Number of protein chains: 2
Amino acid sequence: MKLQTALDTLTIQQCIDLLEKTRGYVDIAEVGTPFIIEQGMVPVKTLKERFPEIEILADAKIMDAGEFEADKCFDAGADIVTVLGVSNDETIKGGVRSARKHNGKVMVDMIAVKNLVERTREIDLMGVDYICVHTAFDIQALGNDPLEELKTVNSVIENASSAVAGGVKLATIDDIVAEGAEIIVVGGAICNAKDPAAMAREMKGHLK
Amino acid sequence: MKLQTALDTLTIQQCIDLLEKTRGYVDIAEVGTPFIIEQGMVPVKTLKERFPEIEILADAKIMDAGEFEADKCFDAGADIVTVLGVSNDETIKGGVRSARKHNGKVMVDMIAVKNLVERTREIDLMGVDYICVHTAFDIQALGNDPLEELKTVNSVIENASSAVAGGVKLATIDDIVAEGAEIIVVGGAICNAKDPAAMAREMKGHLK
């Protein structure tokens, strides 16, 4: 299991400090969508140069022009790029083509996918590396969490590995670990913690 | 009717040159998604400072954290921000809240929406400014175009205005104009033309 830390609300210097203090605990550093909207590929380049041993995920949430947009992320140094599960098949396949060219990986973000079983089955055949269940930030306050969706995806996938994101915290991580996922994404619980580095280490301690 | 030019594949200097040469013809300059993925809000800031009289659209294709991400775009100087129609209702409503704070506008991009009639009806009640039918770049090669979807949306909306994007070119623009839309988005047909400025002027001449 890998711990992915979503860096959404920190400055680039705060990200560097966090990753310095958590060396060996954070496997994947996610440059979050708001970070990309604000600064493009600058954080991806900066973090990859500084931490070549950590996998960098560009959470571009690609919705169209799959190959073209993924190329930009991989060219900047990303190891993993996200494409949306609600996008057209051709977009996901374009992301996979780009990944193959760059020796990178594609994570499909299943956020807001309605027909989860059917769509997971389809995407699982497209050569993607990860299928990530994801409770949107905007609906977490409604009491939604990703565990049930993770169970659904785990019961369907035969090729891809599963990942899970969306409000994962200390109170919920053990149930998720027990269900199983290759990547567990933690954002706010680490970035908004009083001591983010200590929280990252503690979260990593819960993984198998 | 307004002409929106999608700037996806040009450098920032090429964008400036194009907008200089087409003053009075391009109503809305779109900073396209690949441009944002690469450079974040830099092109939005640069173009807004240089062309305060042109509306700048940030094609962020927001899928989550609607208010937070839209805030970043409006703070950078965007006049219009895109949110995805396939996102959760709360995300679209967050985009609208952000727009109201900033005196900006929200365009909902209906790319890959399956249940177009039903989803248009729902979104039309959320206070968004534009509902944009959009044939994905990745499926244009399959022969898809947005005219039929535009007719559908026009027949449903009661509050928002319609917009149309996805492979619009000289051969198809007259049918779209005849159907009617507040905003017509043209990307490749202008940016990849031998003389982009001349093509923008010609396209604008077809609008009502």
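The following refers to the structure shown. (Residues numbered from 1 in each chain as written. Chains lettered and ligands numbered in written order. Predicted model: local features only at pLDDT ≥ 70, side-chain atom pairs only at ≥ 80, totals over all residues. Heavy atoms only, no water.)

Considering the overall build of chain A
Line of reasoning, step 1. Of regular secondary structure, chain A possesses 11 helices and eight strands.
Line of reasoning, step 2. Over its C-alpha atoms chain A spans a radius of gyration of 16 Å, differing by no more than 12% from the 17 Å that the globule rule assigns to 208 residues.
Line of reasoning, step 3. Along the longest, intermediate and shortest principal axes, the C-alpha atoms of chain A span 40 × 35 × 30 Å.
Line of reasoning, step 4. Residues counted as buried form 59% of the 208 residues belonging to chain A.
Line of reasoning, step 5. Long-range pairs, those at least 24 residues apart, make up 66% of the contacts in chain A with a sequence separation of at least 6.
Line of reasoning, step 6. If you sum the accessible surface of chain A, you get close to 8100 Å²; carbon and sulfur atoms cover 47% of it.
Line of reasoning, step 7. Placing the 22 positive and 34 negative side-chain charges of chain A at their respective mean positions leaves the two points 3 Å apart. (Helix = DSSP H or I, 4+ residues; strand = E, 2+ residues; numbered from the N terminus. Rg over C-alpha atoms; globule rule 2.2 N^0.38 Å. Buried < 20%, exposed > 50% of the residue type's maximum accessible area, 1.4 Å probe, protein only. Contact = heavy atoms within 4.5 Å. Areas by Shrake-Rupley, 256 points an atom, 1.4 Å probe, with all protein chains shown as cover. Lys, Arg positive; Asp, Glu negative; His and termini not counted. Charge placed at Lys NZ, Arg CZ, Asp CG, Glu CD.)

Some details on the relation of the copies chain B and chain A
Line of reasoning, step 1. Screw-axis analysis of chain B against chain A gives a translation of 0.0 Å along the axis, an RMSD of 0.0 Å, and a rotation angle of 180°. What the superposition gives is, in effect, a two-fold axis relating one chain to the other. Among all residues of chain B, the minimum C-alpha distance to the rotation axis is found for G40 of chain B, at 1.9 Å.
Line of reasoning, step 2. With an isologous cut-off of 70% or more, the 100% of interface residues of chain B that recur at the interface of chain A puts this contact in the isologous class. (Least-squares fit on C-alpha atoms with pLDDT ≥ 70 in both.)

Things to note about unusual backbone geometry
Residues other than glycine predominantly adopt negative phi, and peptide bonds predominantly adopt the trans conformation.
Line of reasoning, step 1. Even without glycine at this site, A112 of chain A takes up a positive phi of about 65°.
Line of reasoning, step 2. Position of A112 of chain A relative to the elements: it lies in the loop between strand 5 (105–109) and helix 6 (116–124).
Line of reasoning, step 3. Owing to a relative accessible area of 15%, A112 of chain A belongs among the buried residues under this scheme.
Line of reasoning, step 4. One non-glycine residue with positive phi stands out, namely K61 of chain B, at about 45°.
Line of reasoning, step 5. Residue position: K61 of chain B is located in strand 3 (residues 55–62).

With respect to the pairing of strand 7 (residues 161–165) of chain B
Along any regular strand, the residues point their side chains to alternate faces of the sheet.
Residues and elements named next belong to chain B.
Line of reasoning, step 1. With four of five residues buried, strand 7 lies mostly within the body of the structure.
Line of reasoning, step 2. Inspection of the sheet shows strand 6 (residues 130–134) paired to strand 7 by five bridges, in the parallel sense. Bridging across to strand 7, Y130 finds its partner in S161.
Line of reasoning, step 3. Sheet analysis places strand 7 next to strand 8 (residues 183–186), joined by two bridges and oriented parallel. (Pairing = 2+ DSSP bridges.)

Some thoughts on the interface of chain B and chain A
Line of reasoning, step 1. Residue-level contacts link 35 residues of chain B with 35 residues of chain A.
Line of reasoning, step 2. Overall, the association of chain B and chain A removes approximately 2800 Å² of surface from exposure, summing both partners, and the carbon and sulfur fraction of that is 64%.
Line of reasoning, step 3. The tally of links between chain B and chain A comes to two salt bridges.
Line of reasoning, step 4. Its salt-bridge partner being K72 of chain B, residue E38 of chain A comes within 3.0 Å of it at the nearest N-O pair.
Line of reasoning, step 5. At the junction of chain B and chain A, the tally comes to 16 residue pairs in polar contact (both at pLDDT 80 or more).
Line of reasoning, step 6. Residue assignment for the side of chain B that touches chain A shows that the elements contributing at least two residues are helix 2 (33–39), strand 3, helix 4 (66–75), helix 5 (89–102) and helix 7 (137–140) of chain B.
Line of reasoning, step 7. Counting residues per element, the side of chain B that touches chain A draws most heavily on helix 2 of chain B, at six residues.
Line of reasoning, step 8. For the side of chain B that touches chain A, the residue count by class is 18 nonpolar, nine polar and eight charged. (Buried area = accessible area lost by both parts, 1.4 Å probe. Salt bridge = Lys/Arg side-chain N within 4 Å of Asp/Glu carboxyl O. Polar contact = N/O pair within 3.5 Å; in protein donor to acceptor, adjacent residues only side chain to side chain. Nonpolar A, V, L, I, M, F, W, Y, C, P; charged D, E, K, R; others polar.)

Focus on the sheet that holds strand 1 (residues 2–7) of chain B
All names here are of chain B.
Line of reasoning, step 1. An order of 1-2-3-4-5-6-7-8 is seen for the eight strands of this closed barrel, with the pairing classed as parallel. Adjacent strand axes in the sheet meet at a mean angle of 25° when their direction is disregarded.
Line of reasoning, step 2. Pairing of strand 1 with strand 8 involves four bridges; the strand directions are parallel. Residue pairing in the sheet places T5 in a bridge with V186 of strand 8. (Axes fitted to C-alpha atoms, helices over the stretch in contact; angles between N-to-C directions.)

Notes on the nonpolar core
Line of reasoning, step 1. Counting residues in each nonpolar core, the largest one holds 140 residues, and the members touching the most others are V128 and I184 of chain A together with V128 and I184 of chain B.
Line of reasoning, step 2. Apart from residues lying up to four places away in sequence, V128 of chain A is in contact with I92, V96, V106, V108, I123 and A160 of chain A. (Core = buried A, V, L, I, M, F, W, Y, C linked by side-chain atoms within 4.5 Å.)

A closer look at the pattern of salt bridges
Line of reasoning, step 1. Taken as a whole and judged by the stated rule, the model has 28 salt bridges over all chains.
Line of reasoning, step 2. Here K101 of chain A ties to D71 of chain A by a salt bridge, and the two come within 3.0 Å at their closest N and O atoms. Separated by 30 residues along the polypeptide, K101 of chain A in helix 5 (residues 89–102) and D71 of chain A in helix 4 (residues 66–75) bring together distant segments of the chain.
Line of reasoning, step 3. For E67 of chain B, the salt bridge goes to K101 of chain B, with nearest N and O atoms at 2.9 Å. In this pair, E67 of chain B sits in helix 4 while K101 of chain B sits in helix 5, placing the two residues 34 residues apart along the sequence.
Line of reasoning, step 4. The partly exposed category is assigned to E67 of chain B, whose relative accessible area is 25%.
Line of reasoning, step 5. Three or more residues are tied together by salt bridges with common partners; here these are E20, R23, R50 and E53 of chain A.

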